[in-house]
Amino acid sequence: DEVCQIIYRQYIDGTFNGQDWQAVSKEYLIRSYKSKQEAYTAIREMLEKLDDPFTRFMNPEEFKALQTNPDTPSIGLSVKTDKKTKKLVVISPIEDSPAYKAGILSGDVLVKIDGKTTQGMNTMNVVSQLRGEAGTPVTLTVRRGQKQLEFKIIREKIQLRPVSYKVTKTSKGNIGYIRLKQFSANASGEMREAIRDLEKKQVAGYILDLRSNNGGLLFSSIEIARMWLKDGTIVSTIDRKGIVEKEAANGRALTDKPLIVIINDATASGAEILTAALQENNRGIVIGTKTIGYNTIQSVRPLYDGSGVAVTIAKWRTPKGRDISNLGISPDVVVDLTSSEQLAMIKNRSFGTMADPQFSKAVEKLIQRIKKK
């Protein structure tokens, strides 16, 4: 009943994907359930009628892991369900995670986990199966092109700091390289610290790397955009009633030096908000490959027994009012990577170095902008 009411009051689509939600609710509420597991299965079945992979139910263990234990041992892999094929596709492995070191690549199709087919699984099922005790193995079977590959990967406790940065020397002086991996609660604080430190070191310009950043908290992406933008709209949000709220820069940018942004096909959600804000306000040149195209905002709600539900409550638009759903954001300069180049970067640990084709192109473009300025 709690789930039915939350969806009825808050879900973004007032037509509920063409479903009569009151009739759907009644159908599931009049059933008798012998166990919580039966009820959980029914809730998941009910939510599937919305055809929205981001509106999902979490049992108490999954909800607790989401809230309080991001360091639960896993292999560091994020996946999505392809809308057309319904296959589970790797968005990206976390950099330096067990999955990354094993050679799992963005775009790999997840076929089996420990020999069991993934057919019929959703992303939450996958996440729970990839987690486990540190030091224990999990075997993944993936399809890459026409090949089927098997990887035995050992789970580890993954501690992910959202921001890392360094100074890179170039022919036009030092530049600051900042890698933003996620928009967590402490990401904006770490970004502020990184920019201030690099400003003290008098860098001539910046490269902001958003590759494989799957997003996170909306307020975090807005706060970080304000560190780069002096003025202009950052994002607009639209709820079920059509109410639009605009978030804008506040005149408190930490730097106005030339900026290049790197993106790829695993850049999503909050990272797309930041990319669009910087691109459409002419703050930086964007290079890499087209992003995923996730433009929805979720609210996570606890339920009485310790389980939870994530509900899509709004959509967002770029500063120019574009809807990027399933379209993504196209870079100003396209630099694609082949599977062999991705594997070579993993093997040689060349991510963010001149042996990284997207990074080296970013350096080239940044030097041009520094010269022009």
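Note: the structure precedes this text.
Position numbers for residues count from 1 along each chain, tracking the sequence in the order it is written. Since the coordinates come from a predicted model, pLDDT governs what is reported: local features require at least 70, and pairs of side-chain atoms require 80 or more to be given and counted, while whole-chain, interface and lining totals use all residues. Water and hydrogen atoms play no part in the side-chain values, which are based on all heavy atoms of the structure.

(A) Representation of the overall build of the protein. By the criteria applied, helices consist of DSSP H or I runs no shorter than four residues and strands consist of E runs no shorter than two, each listed in order from the N terminus. Of regular secondary structure, the protein possesses 11 helices and 17 strands. Rg of the C-alpha trace for the protein: 21 Å, near the compact-globule value of 21 Å for 373 residues, within the 12% margin. Taking the principal axes of the C-alpha coordinates as reference, the protein spans close to 70 × 50 × 35 Å. Exposure categories follow from relative accessible area, calculated using a 1.4 Å probe and restricted to protein chains: below 20% of the type maximum is buried, above 50% is exposed, and the middle band is partly exposed. Expressed as a percentage of its 373 residues, the buried residues of the protein come to 48%. Reported accessibility uses the Shrake-Rupley method at a 1.4 Å probe radius. Residues are deemed covered only where the shown protein chains occlude them. Accessible surface, the protein as shown: approximately 18,400 Å² in total, 47% of it carbon and sulfur. Distance between charge centres in the protein, computed from 57 positive and 42 negative side chains, equals 5 Å. We compute the radius of gyration from the C-alpha atoms alone; for a globule the expected value is 2.2 Å times N to the 0.38, where N is the number of residues. Residues scored as charged are limited to Lys and Arg (positive) and Asp and Glu (negative), so that His and the chain ends carry no count. For this purpose, a charge sits on NZ of Lys, CZ of Arg, CG of Asp or CD of Glu.

(B) Local environment of the packing of aromatic side chains. Centre distance within 6.5 Å is the pairing criterion for rings of Phe, Tyr and Trp, where only the six-membered ring of Trp is used; planes under 30 degrees apart are then read as stacked, over 60 as edge-to-face, and the remainder as tilted. Counted according to the given criterion, the structure contains six aromatic pairs. Between Phe-54 and Tyr-294, the ring centres sit 4.8 Å apart and the planes meet at 75°, which makes this aromatic pair edge-to-face. Remark: Tyr-294 occurs in the loop between β14 (285–288) and β15 (296–302) and Phe-54 occurs in the loop between α3 (36–48) and β1 (56–58); sequence separation between them is 240 residues. Their ring planes at 80° and their centres at 5.2 Å tell us that Tyr-206 and Trp-228 sit as a pair that is edge-to-face. Residue Tyr-206 is located in strand β10 (residues 206–209), and its partner Trp-228 is located in helix α8 (residues 218–228); the two are separated by 22 residues in the primary sequence.

(C) Structural context of unusual backbone geometry. Not every positive phi belongs to a glycine, and Asn-17 is a case in point at roughly 55°. Here Asn-17 shows up in the loop between α1 (2–10) and α2 (21–29). Not every positive phi belongs to a glycine, and Gln-202 is a case in point at roughly 55°. Mapped onto the elements, Gln-202 comes out in the loop between α7 (187–200) and β10.

(D) A look at the nonpolar core. If you look at the biggest cluster of nonpolar residues, it comprises 37 residues, and the most contacted ones within it are Ile-178, Leu-180, Met-191, Leu-208, Ile-224, Trp-228 and Leu-274. The dominant element in this core, judged by the number of residues it contributes, is helix α9 (residues 270–280), at six residues. By nonpolar core we mean a set of buried residues, namely Ala, Val, Leu, Ile, Met, Phe, Trp, Tyr and Cys, connected to one another through side-chain atoms within 4.5 Å.

(E) Region of interest: the packing of α1 against α3. For the pair α1 and α3, the least separation of the axes is 11 Å and the interaxial angle reads 20°. Here α1 lies roughly parallel to α3, going by the angle between them. Classified by chirality, the crossing of α3 by α1 is right-handed. Every residue of α3 that contacts α1 at Val-3, Cys-4 and Ile-7 is listed here: Ile-43, Met-46 and Leu-47. Every axis corresponds to a line fitted to the C-alpha atoms, with the helix fit spanning only the stretch in contact, and the corresponding angles, defined between N-to-C directions, vary from 0 to 180 degrees. Should an angle fall under 35 degrees it is called roughly parallel, over 145 degrees roughly antiparallel, and 65 to 115 degrees roughly perpendicular, with every other angle called oblique. If you view the pair so one helix is near and one far, a crossing is left-handed when the near helix is turned anticlockwise from the far one by less than a right angle, and right-handed when it is turned clockwise. Contact criterion: two residues are considered in contact whenever any of their non-hydrogen atoms come within 4.5 Å of each other.

(F) Representation of the pattern of salt bridges. Salt-bridge detection follows one rule: a side-chain nitrogen of Lys or Arg within 4 Å of a carboxyl oxygen of Asp or Glu. Counting across every chain of the model gives 18 salt bridges. Residues Lys-36 and Asp-305 are paired through a salt bridge, measuring 3.8 Å at the closest nitrogen-oxygen approach. Of the two residues, Lys-36 is situated in helix α3 and Asp-305 in the loop between β15 and β16 (308–317); the sequence distance between them amounts to 269 residues. Classification of Lys-36 as partly exposed rests on a relative accessible area of 47%. One salt-bridge network, held together by shared partners, links Glu-95, Arg-179, Asp-209, Arg-211 and Asp-356.

(G) Looking closely at the packing of α1 against α2. Here α1 crosses α2 at 175°, and the two axes come no closer than 10 Å. When the axes of α1 and α2 are compared, the pair comes out roughly antiparallel. Contacts between α1 and α2 involve Cys-4, Ile-7 and Tyr-8 from the first element and Trp-21, Gln-22, Ser-25 and Leu-29 from the second. The nonpolar class holds Ala, Val, Leu, Ile, Met, Phe, Trp, Tyr, Cys and Pro. Asp, Glu, Lys and Arg form the charged class, and all remaining residues, Gly among them, are polar. Looking at the contact of α1 with α2 residue by residue, the classes come out as five nonpolar, two polar and no charged.

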